[in-house]
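Take a look at the letters that make up each chain.
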Amino acid sequence: ARAIHTAKPVKHVDVGSRVDGFVAHVASFRDCEVFDVRPISTLVPGVSFRQADLMSPNSLPFDEGDGYCDSISCLHAIEHFGLGRYGDPVNPQGYQQGITNIAKLLKRRGTLYLSTPIGQERVEFNANWVFDPRSIVNCAKAQGMSLQKLTIITPDNGPKESATDPQALADLALLHYQLGLFKFIKMG
């Protein structure tokens, strides 16, 4: 939320993050739009809701040309895409389709803040994906996004900025479970 406050985007959209947590923090200082596959009927000042499946481009407001918004957050949501736990269809490529559609929503030079579990890649039964961080970086790169920053959050050490070179990402992929907070910029 602090990074969004500092960046002062023209239009910020959140995808699937907790409304009673992160979204409420952002809404305390600016308006934001929330896209979620789940129907949301709660009225929150400063927040407008749109029911949308990020794996399906038909439910998204794509503008012709340069995207819909200049800032998107997706915190602790992408790891659930395609697993069917929140009313979305089961789809093994769900997270890839989600990242593709998020990139289409983002204007050139726009910022994506994405958090997800990282480590040894797997699906944890009835829970979520844990991604090899290179899977996220490569998927975003294929959509024209460049990794600007990676923060690792651990229960023992709290947040710590990580190197983003290939060896550092390979080392992170060997760990069991960490939280990765990725900051991407959509290139031209």
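The coordinates are above.
Residues numbered from 1 in each chain as written. Predicted model: local features only at pLDDT ≥ 70, side-chain atom pairs only at ≥ 80, totals over all residues. Heavy atoms only, no water.

### A look at the overall build of the protein chain
- From N to C terminus, the protein chain includes five helices and ten strands.
- Whereas a compact globule of 188 residues would reach a radius of gyration of roughly 16 Å, the protein chain reaches 16 Å, a difference of no more than 12%.
- Taking all 188 residues of the protein chain together, 51% fall into the buried category.
- Residue pairs at least 24 apart in sequence account for 66% of intrachain contacts in the protein chain once pairs closer than 6 positions are excluded.
- Accessible surface for the protein chain amounts to roughly 9,500 Å². Of this, 52% is attributable to carbon and sulfur atoms. (Helix = DSSP H or I, 4+ residues; strand = E, 2+ residues; numbered from the N terminus. Rg over C-alpha atoms; globule rule 2.2 N^0.38 Å. Buried < 20%, exposed > 50% of the residue type's maximum accessible area, 1.4 Å probe, protein only. Contact = heavy atoms within 4.5 Å. Areas by Shrake-Rupley, 256 points an atom, 1.4 Å probe, with all protein chains shown as cover.)

### What about the nonpolar core?
- In terms of nonpolar packing, the biggest core is built from 37 residues, with Ile 72, Phe 182 and Phe 184 touching the most fellow members.
- When residues of this core are traced back to their parent elements, those giving at least two are strand 1 (12-15), strand 4 (69-75), helix 3 (94-105), strand 5 (106-118), helix 4 (133-142), strand 8 (145-154), helix 5 (166-173) and strand 10 (178-186).
- By size, the runner-up hydrophobic cluster in this structure holds twelve residues, among which are Val 19, Phe 22, Val 26 and Val 44. (Core = buried A, V, L, I, M, F, W, Y, C linked by side-chain atoms within 4.5 Å.)

### Quick look at the sheet that holds strand 8
- On the basis of which strands lie adjacent, the open sheet formed by eight strands has the order 3-2-1-4-5-10-8-9 and mixed pairing. Each edge of the open sheet carries a strand with a single partner, namely strand 3 (47-51) and strand 9 (158-162). Neighbouring strand axes in the sheet, compared pairwise and without regard to direction, differ in orientation by 20° on average.
- Relative to strand 2 (residues 32-36), strand 1 is paired through three bridges, and the arrangement is parallel. If you follow Val 13 over to strand 2, its bridge partner there is Glu 33.
- Against the sheet, helix 3 engages strand 1, strand 2, strand 4, strand 5, strand 8 and strand 10, with an angle of about 150° to strand 5. (Pairing = 2+ DSSP bridges. Axes fitted to C-alpha atoms, helices over the stretch in contact; angles between N-to-C directions.)

### Quick notes on the packing of helix 4 against helix 5
- The N-to-C vectors of helix 4 and helix 5 enclose an angle of 130°; their axes lie 8 Å apart at closest approach. It follows that helix 4 is oblique to helix 5 by the angle criterion. In contact with Pro 133, Arg 134 and Val 137 of helix 4, helix 5 contributes Leu 169, Ala 170, Leu 172 and Ala 173. (Parallel < 35°, antiparallel > 145°, perpendicular 65-115°, else oblique.)

### Some words on the environment of Gly 98
- Considering the arrangement of structural elements, one finds Gly 98 in helix 3.
- With a relative accessible area of 0%, Gly 98 lands in the buried category.
- Between the alpha carbons of Gly 98 and Asn 126 there is a distance of 20 Å; along the sequence they are 28 residues apart.
- Beyond its immediate sequence surroundings of up to four residues, Gly 98 is in contact with Leu 54, Ile 78 and Phe 81.

### Some remarks on helix 5
- By the burial criterion, the buried members of helix 5 are Ala 168, Leu 169, Ala 170, Leu 172 and Ala 173.
- Buried residues in helix 5 make contact with strand 5, helix 4, strand 8 and strand 9.

### Some details on the pairing of strand 1
- Burial of strand 1 is two-sided: the residues His 12 and Asp 14 facing one way and the residues Val 13 and Val 15 facing the other way are all buried.
- Where strand 1 and strand 4 come together, three bridges link them in parallel fashion. In the strand pairing of strand 4, Asp 14 is matched with Ser 73.
- The β-α-β motif built from strand 1, the intervening helix 2 (residues 19-27) and the parallel element strand 2 has right-handed crossover chirality. (Right-handed = clockwise from strand over helix to strand, strands pointing away.)

### Here we look at unusual backbone geometry
- Of note in this structure, His 76 is not a glycine but carries a positive phi near 55°.
- Note that His 76 resides in the loop between strand 4 and helix 3.
- Given a relative accessible area of 40%, His 76 falls into the partly exposed group.

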